[in-house]
Amino acid sequence: QVQLVESGGGLVQTGGSLRLSCAASGRTFSAYAMGWFRQAPGKEREFVAAIGWSGGSTYYADSVKGRFTVSRDNTKNTLYLQMNSLKPEDTAVYYCAADTKYYGSRPLEYGYWGQGTQVTVSS
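So, here is what we can say about the structure in this document. (Residues numbered from 1 in each chain as written. Predicted model: local features only at pLDDT ≥ 70, side-chain atom pairs only at ≥ 80, totals over all residues. Heavy atoms only, no water.)

### Let's talk about the environment of Ala-92
The line we're drawing: Strands here mean DSSP runs of E at least two residues long; helices mean DSSP runs of H or I at least four residues long; both are numbered from the N terminus. Contact definition: two residues touch when any of their heavy atoms are within 4.5 Å.
Topologically, Ala-92 is positioned in strand S9 (residues 92-99). Not counting the four nearest positions on each side in its chain, Ala-92 is found in contact with Arg-38, Gln-39, Ala-40, Thr-117, Gln-118 and Val-119.

This is the structure:
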């Protein structure tokens, strides 16, 4: 099993940047494909980005493509999400997720989740 802890959220103005981190502990980090998801109040959890086991493959939601960058450091057991040009509609709780077999955008396919970190973008 793997335990996931997100950090780096906060309050930022429109156009600003934040870098989220997701620290993993437990089983070997490189055994997991990783994803970032977000959930705004009253809305369903939605896919943001995913990265493959070695970090060589990435996948983004259209809404964040060109603004967000997902990366991982398997030597530090950490997943990152660099968020630039933030918009008020990016406001949500951001979650990282992991799975040993699945790499993609469907949240129900991920077996492990962090507790989330709040991102608020003010207009």
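### A closer look at the nonpolar core
Formally: Each nonpolar core is a collection of buried residues, namely Ala, Val, Leu, Ile, Met, Phe, Trp, Tyr and Cys, held together in the definition by side-chain atoms within 4.5 Å. For every residue, the accessible area (1.4 Å probe, protein chains only) is compared with the maximum for its type, and the residue is labelled buried under 20%, exposed over 50%, or partly exposed between those bounds.
Counting 36 residues, the largest nonpolar core has Met-34, Trp-36, Leu-79, Leu-81, Met-83 and Tyr-94 as its most contacted members. For this core, the secondary structure elements donating two or more residues are strand S1 (2-7), strand S3 (18-26), strand S4 (33-39), strand S5 (46-51), strand S7 (68-73), strand S8 (78-83), S9 and strand S11 (117-122).

### Observations regarding the side chain of Arg-67
Convention followed: Contacts described as polar in this section are N or O atom pairs within 3.5 Å, which, within protein, must combine one atom able to donate a hydrogen with one able to accept it, while residues neighboring in sequence count only if both atoms come from side chains.
Counting through the fold element by element, Arg-67 comes out in the loop between strand S6 (58-60) and S7. Under the relative-accessibility criterion, Arg-67 is labelled buried at 11%. Within the local environment of Arg-67, its side chain forms a polar contact with the side chain of Asp-90, the two groups lying 2.7 Å apart. When neighbours within four sequence positions are excluded, Arg-67 is seen to be in contact with Gln-82, Met-83, Asn-84, Ser-85, Leu-86, Lys-87 and Asp-90.

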